[in-house]
Amino acid sequence: MLKIVVCMKQVPMVTELPWDEETGTLRRDLAAGMMNPACKHAMEAALQLREKYGASITAITMGPPAAEEVLREALAMGADRAVLICDAALAGSDTYATSYILARAIQKEIPGCDLVLCGAYTSDSETAQVGPQLAEELKVPSAAYAEHLEISGRTLRVRRLVDNFRETLEMECPALITVSMERYDPRYASFAGLNEAFAKTDLAVVDAKGLGITAVQLEACGSRTRVRRVFVRSAQKRNVVITGAAANAAAEFLDKYQRKISAVIGKSIETKKQAQS
Amino acid sequence: MAMKKKSIWVFGDYRNYYQNRVTLQLIARAVDLAREISAEVCAVVVGHDLEEWIWEYTSHGANRILAIDHPSLTSYSTEHYLALMEKLARERDPDIILIGATDFGREFAPRLAKRLKTGLSADCVALDITPDGLLVQTAPSFGGNMLAEIVTEHHRPQMATVRPGTFREIPHDNTRTAVVERLPLPAHLTAPRVRLVEYERAAQKEHTIENATVMVCGGRGMGNKKNFRKLDELARLLGGDVGATRPVVFSGWAGHESLVGQAGKHIKPKILFSFGISGAIQHTAGLGEADFIVAINKNPQATMMKMADVAVVADAGDWLNHLIRELKKRIRE
Ligand SMILES: Cc1cc2nc3c(=O)[nH]c(=O)nc-3n(C[C@H](O)[C@H](O)[C@H](O)COP(=O)(O)OP(=O)(O)OC[C@H]3O[C@@H](n4cnc5c(N)ncnc54)[C@H](O)[C@@H]3O)c2cc1C
Ligand SMILES: Nc1ncnc2c1ncn2[C@@H]1O[C@H](COP(=O)(O)O)[C@@H](O)[C@H]1O
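No experiment lies behind these values; they were computed from the predicted model shown.

Chemist: Would you take a moment to explain the site of ligand 2 for this structure?
Modeler: Residues and elements named next belong to chain A. In the vicinity of ligand 2 there are 19 residues, among which C7, M62, T122, T127 and A128 approach most closely. One of the backbone N or O atoms of C7 is found 2.7 Å from an oxygen atom in ligand 2. When isolated, ligand 2 has an accessible area of 480 Å², and the protein chains bury 97% of it. Elements that contribute at least two residues to the shell around ligand 2 include exactly β6 (55-62) and β8 (115-119). For the shell around ligand 2, the element with the highest residue contribution is β6, accounting for 3 residues.

Chemist: Can you walk me through the interface of chain B and chain A in this structure?
Modeler: Where interface size is given, it is often the accessible area lost as the parts come together that is meant. Every contact between the two is made by 94 residues of chain B and, on the other side, 83 residues of chain A. Between chain B and chain A, roughly 8100 Å² of surface is buried when both sides are summed, and carbon and sulfur atoms account for 54% of that area. Our enumeration of links across chain B and chain A arrives at 12 salt bridges. When the shortest N-O distance is used, the salt bridge between R15 of chain B and E167 of chain A registers 3.4 Å. Linking chain B with chain A are 33 residue pairs in polar contact (both at pLDDT 80 or more), by the criterion used here. The biggest single contributor to the side of chain B that touches chain A is helix α4 (residues 103-115) of chain B, with 9 residues. Split by residue class, the side of chain B that touches chain A holds 43 nonpolar, 23 polar and 28 charged. With 3 bridges connecting them, strand β15 (residues 240-242) of chain A and strand β16 (residues 310-313) of chain B associate as parallel partners. By the bridge assignment, I242 of chain A is partnered in β16 of chain B with V312 of chain B.

Chemist: So what exactly am I meant to see when it comes to the domain arrangement of chain B here?
Modeler: Residues and elements named next belong to chain B. Here chain B is partitioned into domain 1 (6-183) and domain 2 (209-332). Using C-alpha coordinates to define each centre, domain 1 is positioned 35 Å away from domain 2. At the interface, 8 residues of domain 1 touch 8 residues of domain 2. Taking both partners together, domain 1 and domain 2 bury about 570 Å²; carbon and sulfur atoms supply 49% of that area. At the junction of domain 1 with domain 2, the criterion picks out 0 salt bridges. At the junction of domain 1 and domain 2, the tally comes to 1 residue pair in polar contact (both at pLDDT 80 or more). In terms of residue class, the side of domain 1 that touches domain 2 is made up of 3 nonpolar, 3 polar and 2 charged.

Chemist: Where do I start with the sheet that holds β6 of chain A in this structure?
Modeler: Working definition: the strands of a sheet are paired by backbone hydrogen bonds and lie parallel or antiparallel to each other. Overall, mixed pairing links the 10 strands, which are arranged β13(A)-β7(A)-β6(A)-β1(A)-β8(A)-β12(A)-β9(A)-β10(A)-β11(A)-β11(B) in an open sheet. Edge positions in the open sheet fall to β13 (203-206) of chain A together with β11 (195-201) of chain B, since each of these has one partner strand only. The sheet shows a mean angle of 25 degrees between the axes of neighbouring strands, direction not considered. Of the strands in this sheet, β6, β7 (81-85) and β13 of chain A are in contact with helix α2 (residues 68-77) of chain A, which crosses β7 of chain A at around 170 degrees.

Chemist: Is there a simple way to explain α4 of chain B in this structure?
Modeler: Note on helix geometry: an α-helix contains 3.6 residues per turn, so any two residues three or four positions apart are oriented the same way. All names here are of chain B. Compared with the 18 Å implied by 1.5 Å per residue over 13 residues, the 19 Å span of α4 between its first and last C-alpha is a close match. Among the 13 residues of α4, 12 are classified as buried, and the element is accordingly described as predominantly covered. Within α4 the residues assigned to the buried category are F104, G105, R106, E107, F108, A109, P110, R111, L112, A113, K114 and R115. K117 sits one or two residues past α4 and shows a positive phi near 55 degrees.

Chemist: Is there a simple way to think about the state of the cysteines in this case?
Modeler: Note on terminology: disulfide describes a covalent bond linking the sulfur atoms of two cysteines. What the rule picks out here adds up to 0 disulfides over all chains. The structure places no disulfide on C221 of chain A, whose sulfur is separated from the nearest cysteine sulfur, that of C7 of chain A, by 17 Å.

Chemist: Explain the packing of aromatic side chains here, please?
Modeler: Note on aromatic pairs: each is described by the distance of the centres and the angle between the planes. Under the counting rule described, the total for this entry stands at 17 aromatic pairs over all chains. Summarising the aromatic geometry, the rings of F253 of chain A and W319 of chain B are spaced 5.4 Å apart at their centres and angled 65 degrees between planes, so their arrangement reads as edge-to-face. You can see F253 of chain A sitting in helix α7 (residues 246-265) and its partner W319 of chain B sitting in helix α10 (residues 316-330), one on each of two chains. Overall, F253 of chain A belongs to the buried group, its relative accessible area being 0%. An aromatic cluster is defined as three or more aromatic residues linked by ring pairs; in this entry it consists of F11, Y14, W53, Y76, Y81, F104 and F108 of chain B. For R15 of chain B, the ring lying beneath its charged end belongs to Y76 of chain B, and the centroid distance is 4.3 Å.

Chemist: Help me understand the environment of S258 of chain B, please; the structure alone is not making it clear to me.
Modeler: All names here are of chain B. Within the secondary structure layout, S258 lies in the loop between α7 (246-250) and β14 (271-275). Assessed through its relative accessible area of 9%, S258 is described here as buried. The sequence separation of S258 and E86 amounts to 172 residues, and the corresponding C-alpha distance is 39 Å. Excluding residues within four positions of it along the chain, S258 makes contact with I209, V242, G243 and A244.

Reading guide: rules and limits
Along each chain, residue indices are assigned from 1 in the same order as the chain's sequence is written. Written order determines the labels here, with chains lettered from A and ligands numbered from 1. Per-residue local features are limited, in this predicted model, to residues with pLDDT of at least 70; the limit for side-chain atom pairs, both in listing and counting, is 80 or more; totals at the level of whole chains, interfaces and linings are taken over all residues. With hydrogens and water stripped out, all remaining heavy atoms of the structure feed into the side-chain values. One heavy atom within 4 Å of a molecule or strand is enough for the residue carrying it to be called near that molecule or strand. For this analysis, a polar contact is any N or O atom pair within 3.5 Å, provided that within protein one partner can donate a hydrogen and the other can accept it, and provided that sequence-adjacent residues contribute only side-chain to side-chain pairs. The method behind every accessible area is Shrake-Rupley, applied with a 1.4 Å probe, and residues are considered shielded solely by the protein chains displayed. The way it works is that DSSP assigns letters per residue, a run of H or I at least four long becomes a helix, a run of E at least two long becomes a strand, and they are numbered from the N terminus. Whether two residues touch is decided by their heavy atoms; if any such pair falls within 4.5 Å, the residues are in contact. In short, buried area is how much 1.4 Å probe accessible area vanishes from two parts on joining, totalled over both. One side-chain nitrogen of Lys or Arg within 4 Å of one carboxyl oxygen of Asp or Glu is enough to make a salt bridge. Residues are grouped as follows: Ala, Val, Leu, Ile, Met, Phe, Trp, Tyr, Cys and Pro are nonpolar; Asp, Glu, Lys and Arg are charged; every other residue, Gly included, is polar. Between any two strands, at least two bridges found by DSSP are needed for them to pair. Segmentation into domains, and thus their bounds, comes from an automatic or database assignment. Angular values range over 0 to 180 degrees, each being the angle between N-to-C directions of two axes fitted as lines to C-alpha atoms, with helices fitted over their stretch in contact. Every helix has an expected span of 1.5 Å times one less than the residues it contains. Think of it in three bands: residues with accessible area under 20% of the maximum for their type are buried, residues over 50% are exposed, and the middle band is partly exposed, with areas taken using a 1.4 Å probe on protein chains only. Cysteine sulfur pairs qualify as disulfides if the two atoms are within 2.5 Å. The criterion for an aromatic pair is that two Phe, Tyr or Trp rings (for Trp, the six-membered ring) have centres within 6.5 Å, with stacked assigned to planes under 30 degrees apart, edge-to-face to planes over 60 apart and tilted to the rest. Here, a charge over a ring means that NZ of Lys or CZ of Arg falls within 6 Å of the ring centre while also lying within 35 degrees of the ring normal.

Here's what the structure looks like:
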C-alpha cells in the first residue's frame, strides 16, 4: 500500500502580530495558531490519492507543543497517523535546518514511504524552500506546484503550471511533491471528526535525540542564515486622517476630494455648493 | 599567489525573458554590489542556442558569461541545471549567487543552496553589501508586515532569490563587452529522474484589472463574503474594478484573478480604495504606481493606513455603506 507523508506547519492566524517595541520581537505567543493554508491542499491531495489508490497517510510537523493542534486537525481531515517533532533546540531553524530534521524524522518514523507531500509555501515564513530542500535531503526526485497527481505502478505523473508553461512530468516513487494552491481545494474537518481526533492517541512526539540526531550533527546541519534585524517598513506618505461617525466621515471625504474623484471617474460628484467654491 | 577575484553570479533564467526580464534586473543590482567590493558580475546560462542570451546579458552589464550550450539542454530540466550549477560553483567558488524568484527559480534555488550546503533567503526586496562582502538580504517576513535583514555569515556562496520587478535593468548598450567562456557539457551527466512528458505555453489570461483607473480593493477586514461583494457596487459607481488580498481569495470571497500583489496582479490605478487591508508587503508590492490611496481600517496603525493619502479610521463595511449612499446622491450621470 502506498505510504504518504504530508508535511504541515502551524502558522499564526493573523498577520498583524503585536510588536514589542522594547525587545524588537513579535509576540507570536499572543496569536492563535492555524494550519498553514497551503498544507491543507497537500493534505487534500493525499486524501484524494488514498481514495483512488488506497494509502496510509502520516501527517508530520516540527514545531512547539501547540503545533499538536494542526496534527489533530490533520487527523480529523482523515490522516491515519501523526508525528510531532518537538525540541527546544530546534526553535528558530531556517529552511536548511528544518529540511534536515524533517528528512531524518521521515526516514526514522515512516521508513519506506513512497510519497512526501508539502504545501507550496507557508503564510508566515513564506520561503517555499522547505519542500525542495527536503527533496534534496531525501535524495528523491521532486516537482513543485503540482495541480494534479496520478500513480500507475511506481510511476507518479504530475501536471503543473509553472512560469506560464503547462507541464506533465513523470518520475518514479519515492518522490516529493509540493502541491499548488490552485487545485485540491481542501475539505473541512467535521466537528465530530475534530472531537474524535482530539481523543485519538495515534500521535507520536519525538525530539532530536529520539530521532538519533547527535549534537554534532545538529550543529553541522544547523541554520545557515541569521536574521540580523527585523523592522517595520517606514511609511511613505504624509497622510490625512479622517475619523468620526461613518455617515459624516463619508460625506466629509467626498466633499474634500470631489474634484479629484470627478476628474478621474469622468462623472461629476460635485455638489452645487462645493462646485462653486 | 594572486588573490581570487570576487565574483557575483546571476543565473540566466531566459525562459522568463518575455515575462519579466528578472535576469537583467539582477545583473543591474549585481553591478552596483560588485562595485562596492571590486568583484566581477558573471551571468551563468545553460541551455541550447544561447547566443542571443550571451549577447543580451553582455549588453546589460555582465562582465563574464559562463555558457553551457548543448542540444540535450533544450528544455528546462531542474535536475540537469542543478548538476551543472553545482559543479561550476564548486569549481569556481563564487561569493554570491542571485536567482530570479520565478516559479523555476523558487524550485531550483533551494535545492542548489542545499547542495552547496549554504544559506538562501527568499523573495528579497533589497540587497546591500558590507565593505567586507557580507550580503545583506532584506526579505519580507511574518506575513509581510515586517522586513527581516538576513545574512549568511559562515557559508559561501551567499544566495538569494529576488522577485521580478524589484530592481531596474541597465539600459541595453551593445558596445559593452564581456569575457565569454563557452564550456563543454560534462561527460558524466546522468539522465534526469524527472521526465518531461509534454509541455505547452499556457494561454494568456483574459480579463485583467491591471489597467483599471479606479480600483476598489478589499481585505480580510471586510469580515465576510456578503460585505466584500458590496465593493462591487462601489466599483460600478466609480467605473472601476475590484481587487482582493490573498486571505480573501483563500476564503472564496473573490476569485484568484482579482488577487493584487506579489503573487497576483500589479495595478496602477489613479485612485485606489483599500478596505480592511493591513498592507502586507506581498500585497503592497502590487500597488507600486497607485496615485491616490484611500485606506479604510479600524486600526490607524496598519501599514496600509500609513501609506495612504487619506486614512479613514472606521469599520470598513459600515463606511462603505455610507460612501455608497453618499455617492448615489451625488453622481449625476
Ligand atoms: C509568498 C507569498 C505571497 C503572497 N502574495 C500575496 C499577494 O499577491 N497579494 C496579497 O494580498 N497577499 C499576498 N500574500 C499574503 C500577505 O502576506 C498578507 O497575508 C495579506 O496581504 C493580508 O491580507 P489582508 O490585509 O486582507 O488581511 P490582514 O493582514 O488580516 O488585515 C486585515 C486588516 O483589516 C483590518 N480590519 C479588521 N476588521 C476591520 C473592520 N471591521 N473594519 C476595518 N478594518 C478592519 C485590520 O485592522 C487589518 O489591518 C502573500 C504571502 C506570501 C507568503
Ligand atoms: N516546521 C515544519 N514542519 C513540517 N513541515 C514544514 C515545516 N515548515 C515548512 N514545512 C513544509 O514546507 C512547506 C513550505 O514551507 P516554507 O518553505 O516555510 O514556505 C509547508 O507548506 C510545509 O509542507
